[in-house]
Amino acid sequence: MTADALTAEVLRNALVVAAEEASIVVVRSAYSTFIVEGSDASAAVLDARGRLIAHSMATTLMNSMALKVALPELLKDVPPHAMRPGEVYVLNDAYRGGVHTNDLLVYRPVFIGGDPAYFTATMIHVSDLGGLSAGGMAPLATDIFLEGLQLPPVRLVTAGGVLEPAIEAILRANSRTPDKVMGDVRALVAGTKVAAARLESLISEYGEQGLAEGIDAYLDHTEARTRAALAELPEGRFEASYPIDDDGIDLHRRHHVRVAVTLGGRTAALDFAGTDPQVPAAINASASQSLAAAVFAVRCFLDPAIPMNDGCLRAIEVHLPEGSLLNARSPHPCGGRFVPIYAAMEAVFQALSDAVPERAIAASGILQPFSIAAVGAPYWIHLSYDFGGVGARRGLDGPDATGVHFGVGRNSVPQVEPVESRCPLIVESIETIPDSGGPGRHRGGLGSRTVYRFLSDCHVTTRGDRLRLAPPGREGGLPGRLGGFYRRRVDGTVERLASKVNNVRFAAGEAFIVETTGGGGLGPPPERDRAAILADLDAGRVSPRGAAEDYGVC
């Protein structure tokens, strides 16, 4: 390793540690079950030019990209010269870099010589900020006003370290769980303070000029590594598309995300022209989220050791047509962003699989978000998601029930015991589903089944996809098995719910069943190694019927 590379790596880790410590502080200080038990918190360090310098190890690319894209919007409304040390700012505007109403983006300026030089930032999905259903899910929203409270860039904390009373009053008035929301907000503020202290220590250690030069070198080093990795890919233009089941409003209308990936030596250009236009339904995304999907998908075909920062972004160009599913304009809802951006990710995967067949991957089951909430005050909320199986990869079966994801925290799915202690429900079972992975030379990953039995009446809201159109296999591999959401009544009868439903009332004693979709297979099933089939039989991943019907093994 060269001296420059070593310096860049030491500085990278110091900056990442600053962000990581901030995210840990948020998790340990937050009130919402989803954050405390799922460890779903993000933190980043940026500079006053809006460059993403570092983010916490657990930070999802969805969140760090939002923090990057939204910072210039904050600086438009609040110029740097108007900021004061100790102040903290917040926004959640999806059309200005945010995600959706429940995701609060919080920024603290770090000053050098009287001017903000850097920003520490934190972000989590707070417990509730209004909308059609508790927990920030409104799958049947037809405009953004039905999704909850919108916040433009505003000051959250004064220079004296005091929460702005008017902002706190607004947040409380728009939440079903005001105490939890304010606990979450204070956790976000605390995280930015810790990261700022660590950054100030680095300024003292390296000096103002030394740190700035070190960051420039570190970003340049990342750019060089990214371009070198892109240069190893074949040049050309590769096109693909991926469908969305429906928008929840019109169940007979499919929507498509389309991409053309152009690889040109040391760059990658992704053009999503041809993607379907935005719709008055919750299957649109903000630009920051779609940008994250595109960058993530490309990085999956590069050296995984390349850091994620602004240097990486310099080598990847992304065009997101305004007014499309991937770059919605007001008042179109953006809360269902997972649906279109995962379609974008899948389209890029398939285009790059055509470009680099030796790294090909079949389509995967998408994560399936849902919320369970009290039907009235006092409110309790369980917000979660389960994951589908990953598509088979060249030479490898797909992992079971993990999903290809870039939008969740450390633990992703909260543990059973804390959820049962906080909510009136029992998790009866969690298991993988035999035969759900698409058959192939390499088998798709299995989906999962989770059963929640309720001890009191409650509302269930779901936002699923890839529950009607199975993830296809590649090169003769078969599709994954479709999952679904179900109600099991007290008498044992089971009925399937639509993939996107809002506030379906369940009675005490009824059960909610979440089944996720398996990943597609790769290569013809008859070419699967017999020993692998027998191992799947022994492990219960494949049933005797599945082995006989899918692989001809009795």
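Scroll up to find the structure.
Residues numbered from 1 in each chain as written. Predicted model: local features only at pLDDT ≥ 70, side-chain atom pairs only at ≥ 80, totals over all residues. Heavy atoms only, no water.

Draft legend 1. Structural context of the sheet that holds strand β10 (residues 316–319). The strand order β7-β8-β9-β10 describes an open sheet built from four strands, whose pairing is mixed. This sheet does not close on itself; its edge strands, each paired only once, are β7 (236–244) and β10. Along the sheet, successive strands turn relative to each other by an average axial angle of 15 degrees, direction set aside. In terms of strand pairing, strand β8 (residues 255–263) meets strand β9 (residues 268–271) through four bridges, oriented antiparallel. If you follow Ala260 over to β9, its bridge partner there is Asp271. Helix α7 (residues 287–299) contacts β9 and β10 of the sheet and is inclined by roughly 140 degrees relative to β10. Its contacts with the sheet put helix α9 (residues 338–355) on β7, β8 and β9, and the angle it makes with β7 is roughly 145 degrees. (Pairing = 2+ DSSP bridges. Helix = DSSP H or I, 4+ residues; strand = E, 2+ residues; numbered from the N terminus. Axes fitted to C-alpha atoms, helices over the stretch in contact; angles between N-to-C directions. Contact = heavy atoms within 4.5 Å.)

Draft legend 2. Quick peek at the pattern of salt bridges. Summed over all chains, the structure comprises 45 salt bridges. Notably, a salt bridge pairs Arg337 with Asp103, separated by 3.9 Å at the nearest N-O pair. Placement of Arg337 in the loop between β10 and α9 and of Asp103 in strand β4 (residues 103–112) is noted, with a sequence separation of 234 residues between them. Accessibility classification places Arg337 together with Asp103 in one group, the buried group. Within this structure, Asp397, Asp400, Arg443, Arg528, Asp536 and Arg541 form a network of salt bridges that share partners. (Salt bridge = Lys/Arg side-chain N within 4 Å of Asp/Glu carboxyl O. Buried < 20%, exposed > 50% of the residue type's maximum accessible area, 1.4 Å probe, protein only.)

Draft legend 3. Fine view of the sheet that holds strand β19 (residues 511–515). Spatially, β13-β14-β19-β16-β17 is the arrangement adopted by the five strands of the open sheet, whose pairing is antiparallel. Across the chains shown, the open sheet's two edge strands, defined by having one partner strand only, are β13 (425–432) and β17 (494–497). Within the sheet, the average angular offset between the axes of one strand and its neighbour, ignoring direction, is 20 degrees. Across five bridges, the pairing between strand β16 (residues 484–488) and β19 is antiparallel. When the sheet's bridge partners are listed, Tyr486 is paired in β19 with Ile513.

Draft legend 4. Geometry of the packing of aromatic side chains. Across all of its chains, the model carries 10 aromatic pairs by this definition. Ring plane angle 65 degrees and centroid distance 5.6 Å describe the contact between Phe370 and Tyr452, whose orientation is recorded as edge-to-face. Residue Phe370 is located in strand β11 (residues 368–373), and its partner Tyr452 is located in strand β14 (residues 448–454); the two are separated by 82 residues in the primary sequence. With a centroid separation of 5.5 Å and 90 degrees between ring planes, the pair formed by Phe454 and Phe506 is classed as edge-to-face. Here Phe506 lies in strand β18 (residues 500–506) and Phe454 lies in strand β14, a separation of 52 residues in the sequence. Exposure class is identical for Phe454 and Phe506. Each is buried. Within the aromatic cluster, the residues linked to one another by ring pairs are Phe370, Tyr452, Phe454, Phe485, Phe506 and Phe512. Positioned over the ring face of Phe506 is Arg487, at 4.4 Å from the centre of the ring. (Phe/Tyr/Trp six-rings, centres within 6.5 Å; stacked < 30°, edge-to-face > 60°. Lys NZ or Arg CZ within 6 Å of the ring centre and 35° of its normal.)

By themselves, these figures tell us nothing about what the structure is for.
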